[in-house]
Amino acid sequence: MAFIFDHVSYTYQPGTTYAVDALSDVSFQIKDGDSVGIIGHTGSGKSTLIQHMNALLLPTKGTVYYNGQDISDKDFNKSVLRSEVGMVFQYPENQLFEETVMKDVCFGPKNQGLSEKEATLRAYEALKLVNFPDDSFDQSPFSLSGGEQRRAAIAGVLAMKPKTLILDEPCAGLDPAGRNELLSLIRRMNEEEGITIIFVSHSMDDVAETVKRVIVMDEGRLFMDGDPHQVFSHEKELEEISLSVPPVTSLIDRLIENGFFKGMEKKEGYTVTTAKEACELICSEISR
Amino acid sequence: MKELARKRDEDLIIKGRGLTTEYFRRDDEGNVESIDTALDHIDISIIKGRFIGIIGHNGCGKSTLAKNINALITPSEGSLTVCGMDVYDEESRMKIRSMAGMVFQNPDNQIVSSIVEEDCAFGPENLGIPSQEIRERVDRALSSVGMFEKRRNSPEHLSGGQKQRVAVAGVLSMEPECIIFDESTAMLDPEGRQDVLNLAHELNEKKGVTVLWITHYMEELTGADHIFVMDNGRIVMEGAPREIFARDEELVQHGLTLPGITLLSRLLKENGIPLRGVSLSVDELYEELMALW
Amino acid sequence: MFRNITLGQYYPAESVLHVLDPRVKLFGALVWIISIFLMDGLFSFLLATGFLMFLIIISKVPFSFMVRGLRSIMIIVIIASVFNIFFTPGNTLVEAGPLKITDKGIINAVLMAIRMFYLIIGTSLMTLTTTPNNLTDGLSRSLSPLEKLRVPVTDIAMMMTIALRFIPILIEETNKIMKAQMARGADFEHGGLIKKAKNMVPLLVPLFVSAFRRANDLALAMEARCYSSGKKRTKLNPLKYARRDAIAYIIILLFLAGLILMKIFL
C-alpha cells in the first residue's frame, strides 16, 4: 500500500483570520501500481492533497501513511519519501536551471547521492524514456520548444527512479500533439515501468483516457472515488460541483435516458468515455 | 472567396497580401546564422463584424500573425492594412493598436496595475484621453465584461478567467473595432475557458466587435463564422467550421485533433450510419441520432 | 516568510487620514522625520507624543496592528540601545570589567529607543493609511518639478506601479520553484554560508528566467495598449486637493513651528 490517507485535514495559516480549510476529513488509499486521476475545479484542494504525498505539507489533523509509516513522525525520513515519490509540478519547465539538459536531469540523481557516472546513466535512461531527441541532450534547456522543455523537466523527475509519479496538470499549455504524446507517455510509465501514477487535472477528457481510477475533490472533501466509468456515470452530481463529463459521455447518457437503446436504462456504474466506445455502442444498437 | 470578391474594401477590417515575417538568428558577431520564416507570404482578408478562428499547433505562426495585425512587429515583406490603416505607416501605429486590441495568453503578465479599474484605464491614459472620459469608458468596459463590482479589487485575488475579463476590459476601454485573443484560454481551467469564449461571442454579437480567436483547441471554434488553419507559417485550410471539421485527415496532418463529438460523428459515418455531415455539438448529434431511430 | 512584516503595509479603514491627499501625508512624514531630530526637551517630547497619539487615534488603525510590525525592528533597536548604554561616557553607575554603564548612557539609550519607535510608527502611519498605488501617485506628483531637470518621473512612477503588481507574483513564484526543487532533493536549509549560497542557484536561475519572461510579456502587452515611454499620459483619478488637505497642511506646519519655538526658547 503506497499511501493511506486517514481522515486528513489541512488548514492554511491556522489560528489566524486568514485560516482556510483546504482539506477536510479526506480518507483513501492508493496501492502500488495504481494509476489515479484527481479532478476538481480550481481551489478544490487537489494541489494541497498531492503536496501531502511528498511531505511538502503535513496534515493539520489526521494521518498520512507512506508504506505504513506516518509522514508526520519525527523519525520519518523525508528524503527517502521524496526520492521515491516524484513530483511534476504545474509548468515544470519553470524549474529548469542548468546549462544543458543533461546536467539539469542529473540534478535529482546527484542530490540522491549518486556518482557523476551513475547520475548521467540515469539521466540518459530518463531522457530516452520521454522520447527526448538525442541531439539535444547538450543543448541549453532554455533554447528548447515548450513541449521539449516539459519533457526534459519530467525526465528530471524520472531520473530519480521514483516508484510513484505525481503530475499536476501536466498538459497545461501544450498543443494537441504535445498533449497526446504526454498522455501516452504517462500510460506507458504506468503499464510498462510499473510506476504508480497520480494525475491531477481539471480536464475530464485527459483523465478519462489515461487512468484507471478517478478521485473527485470538491471544497476540500473527497466527493467521489471509483473507476472512470463509474464516476462519469454521475453526470448530474458532477455538474453540481461545476465539473462537466466528456461530451461523448453526456451524449450517450442522454440517448440512454431517452430510450435510444432498447432495453437499456440508465444504470449505475455504466457509461462510455471515449468516441470509440460510443461508436461501437451506437453501431451495435443500430445493426440490431 | 466569391463572397469576399463581392465585398468592397471598406468591409474588410484586415487585409494582407503576401504578408511575410522573417526572424533573423544571429551569431555572437552579429552575422546572420539562419532565417526563420514565421509567416510565409500569407493572403488574408477578414470581414468586419465576424468571429474568426485561427488555429494551428504551437509554432505555426499564428501569434506572429497576431503581432503583425496589432502593429507590434512590422512585416518583412508584403502589405497589410488594419482598419484601413497601413501598418508600415509609423504615424498610424498607435491608432492601429487601439483599434485592434490584443488579449494575451498569460493573465498575470498583461495586467499592469494592482487595482482593477486603474489597469482598465491604462490604455486610455496612454492615449491621452481626458480623465472624465476615461472614467466613463472604464465603467462601461468593466460593466460589459461583468467586472464592475470588482473595480477596486486587486487582480491578485481574481480567478484566471476573471483576470482575462479584466484584460478584455482593458482593451475595450480603448474602444477597438477588433479584438485579437491570442490563446487567451490556454492557461485557464475549463470553467474560465468557457467563460472567456462566451464573453468573446457576446462582444461579437452585441457590440459588433470583430473577433480573431487564436487557439489550438478545435472545440473552441464550433461557433466561429470562418476558420483559418495555419501550419508552417502558411494558411493551409480556410472555410466555415463545418467544412473544416469534415476534413479530419488533413487536420491531423497539421497536428490538430478533432473534438470528441465530431470524431464520434466521423466514426459513425465510417461505420455506415447515415448522418448528414459532421456534428459540431452534443445537441446536434443527439437530434440526428434520435431522428434516425 | 514575508507575511509577518506589517511595515509598509496598507490597512483599509475609513478615516480622515485615509482620504487625505497622499502628497499631504508625504509632507507630513517628512516633517515628522525632521521633528524627531528637533525634540530634545521634555516639553517637545510631550508635544510630539501628543501629536502622534492624536494621529494614531484618528487613523482608526488598531494600535496592536501597528505594534505587530515593530517586532522585527525590535532587535535593531535593542542592539543600538545596548551600544549606547555601554559606550557613552559619563558618571559610572555599574562597572564590570571593561564594560561600564553610565547615567548618560542610560538616558541616551532610552531617548534613542523612543526616537526610533516614534520614527517607525510615524512613517508607518503614512503607509498604513495610503494604498501603495496612491503613494506612487503622490510621489510622482511631488517629484514632478524634477522633470524639468530631465528626471524621467513618469517612467519611474510606472516602474513603481509595476513593481507593486509583480512583487507578490514573484514571491509566490519563489515558493513554487523552491517546492519543485525540494521535490528533486534540493536542500535550502542545511550547510554553511557558501554551501547555502551555492544551493540557491537552482532557485535563483529559474526565478530570473521567469522574471525576464514576465518582463518581456508585460512589455509587449503594454506596447499593445499604446504605452510608449516618456509620452505624456492622462490619469483616471488625477490627484486633487480638497479643503481638508489645506487644513492638514496648516496643522502640520503649526506642529513644526511649535517644536522650533520650543527648541529656541526652552
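Predicted model, so just to flag it, every value in this text is computed and none were measured.

## What to know about the overall build of chain B
Step number 1: Secondary structure summary: chain B contains 12 helices and 10 strands in total.
Step number 2: Over its C-alpha trace chain B gives a radius of gyration of 20 Å, about what one expects of a compact globule, namely 19 Å for 293 residues.
Step number 3: Each of the three principal axes of chain B carries a C-alpha extent, and together these read 65 × 55 × 45 Å.
Step number 4: Here chain B, with 293 residues, has 56% of them falling under the buried criterion.
Step number 5: Across chain B, the fraction of contacts at a sequence separation of at least 24, relative to all contacts at a separation of at least 6, is 62%.
Step number 6: Element-wise, carbon and sulfur atoms account for 44% of the exposed surface of chain B, whose accessible area totals about 12,200 Å².

## As for the overall build of chain C
Step number 1: From N to C terminus, chain C includes 10 helices and two strands.
Step number 2: Listing every helix and strand of chain C by position from the N terminus yields α-α-α-α-β-β-α-α-α-α-α-α.
Step number 3: Scaling as 2.2 N^0.38, a compact globule of 266 residues should have a C-alpha radius of gyration of about 18 Å, whereas chain C reaches 24 Å, well beyond that.
Step number 4: Taken along the three principal axes of its C-alpha coordinates, chain C extends 65 × 55 × 40 Å.
Step number 5: When each of the 266 residues of chain C is scored for burial, the buried share is 38%.
Step number 6: Sequence-distant contacts in chain C: of pairs separated by 6 or more residues, those separated by 24 or more amount to 74%.
Step number 7: A total accessible area of about 15,500 Å² is found for chain C, and carbon and sulfur atoms account for 71% of it.
Step number 8: Considering chain C, the positive charge centre built from 30 side chains and the negative charge centre built from 15 side chains are found 3 Å apart.

## Some points on the interface of chain B and chain C
Step number 1: Taken residue by residue, the interface counts 40 residues in chain B and 29 residues in chain C.
Step number 2: Its largest share of buried area at the contact with chain C, chain B owes to Asn109, Glu125 and Asn126 of chain B, together 23% of the area lost on that side.
Step number 3: Where chain B meets chain C, there are four salt bridges.
Step number 4: Linking Asp108 of chain B and Arg165 of chain C is a salt bridge whose minimum nitrogen-to-oxygen distance equals 3.5 Å.
Step number 5: The tally of links from chain B across to chain C stands at 18 residue pairs in polar contact (both at pLDDT 80 or more).
Step number 6: Sorting the residues of the side of chain B that touches chain C by element identifies α3 (93–99), α4 (116–120), α5 (122–126) and α6 (131–144) of chain B as the ones contributing at least two each.

## Notes on the state of the cysteines
Step number 1: Taken as a whole and assessed by the stated rule, the structure comprises zero disulfides over all chains.
Step number 2: Between Cys279 of chain A, a cysteine without a disulfide, and Cys283 of chain A, which holds the nearest cysteine sulfur, the sulfur-to-sulfur distance is 3.9 Å.
Step number 3: A disulfide-free cysteine, Cys226 of chain C has its sulfur positioned 12 Å from the sulfur of Cys83 of chain B, the nearest such atom.
Step number 4: Given a relative accessible area of 0%, Cys226 of chain C falls into the buried group.

## Topic: the sheet that holds strand β5 (residues 69–70) of chain A
Residues and elements named next belong to chain A.
Step number 1: The four strands are arranged β2-β1-β4-β5 in an open sheet whose pairing can be described as antiparallel. At either margin of the open sheet sits one strand with a lone partner, and together these are β2 (20–30) and β5.
Step number 2: When strand β1 (residues 3–12) meets strand β4 (residues 61–66), the two strands line up antiparallel, connected through five bridges. Each residue of the ladder has a partner; that of Ile4, found in β4, is Tyr65.

## With respect to unusual backbone geometry
Residues and elements named next belong to chain A.
Step number 1: Backbone geometry places Asn67, a non-glycine residue, at a positive phi of 45°.
Step number 2: Assessed through its relative accessible area of 41%, Asn67 is described here as partly exposed.
Step number 3: One non-glycine residue with positive phi stands out, namely Tyr91, at about 45°.
Step number 4: With respect to the element layout, Tyr91 can be found in the loop between β6 (85–88) and α3 (101–111).

## Some points on the environment of Gly101 of chain B
Residue and element names in this part refer to chain B.
Step number 1: Here Gly101 lies in strand β6 (residues 100–103).
Step number 2: Under the relative-accessibility criterion, Gly101 is labelled buried at 0%.
Step number 3: Sequence separation between Gly101 and Arg17 is 84 residues, and the spatial gap between their C-alpha atoms is 21 Å.
Step number 4: Setting aside anything within four residues of it in sequence, one finds Gly101 in contact with Asn70, Val171, Pro176, Cys178, Ile179 and Ile180.

## Quick notes on the domain arrangement of chain C
Residues and elements named next belong to chain C.
Step number 1: Domain assignment breaks chain C into domain 1 (16–146 + 239–265) and domain 2 (153–224).
Step number 2: Domain 1 puts eight residues into the contact, and the matching count from domain 2 is five residues.
Step number 3: Buried surface at the junction of domain 1 and domain 2, summed over both partners, amounts to about 510 Å²; 84% is from carbon and sulfur atoms.
Step number 4: Among the residues of domain 1 in contact with domain 2, Asn133, Thr136 and Ser140 are the three that bury the most area, contributing 63% of the side total.
Step number 5: Run the count over domain 1 and domain 2 and you get zero salt bridges.
Step number 6: Where domain 1 packs against domain 2, one counts zero residue pairs in polar contact (both at pLDDT 80 or more).
Step number 7: Considered class by class, the residues forming the side of domain 1 that touches domain 2 number four nonpolar, four polar and no charged.

What counts and how
Residues numbered from 1 in each chain as written. Chains lettered and ligands numbered in written order. Predicted model: local features only at pLDDT ≥ 70, side-chain atom pairs only at ≥ 80, totals over all residues. Heavy atoms only, no water. Helix = DSSP H or I, 4+ residues; strand = E, 2+ residues; numbered from the N terminus. Rg over C-alpha atoms; globule rule 2.2 N^0.38 Å. Buried < 20%, exposed > 50% of the residue type's maximum accessible area, 1.4 Å probe, protein only. Contact = heavy atoms within 4.5 Å. Areas by Shrake-Rupley, 256 points an atom, 1.4 Å probe, with all protein chains shown as cover. Lys, Arg positive; Asp, Glu negative; His and termini not counted. Charge placed at Lys NZ, Arg CZ, Asp CG, Glu CD. Buried area = accessible area lost by both parts, 1.4 Å probe. Salt bridge = Lys/Arg side-chain N within 4 Å of Asp/Glu carboxyl O. Polar contact = N/O pair within 3.5 Å; in protein donor to acceptor, adjacent residues only side chain to side chain. Disulfide = S-S within 2.5 Å. Pairing = 2+ DSSP bridges. Domains from an automatic or database assignment. Nonpolar A, V, L, I, M, F, W, Y, C, P; charged D, E, K, R; others polar.

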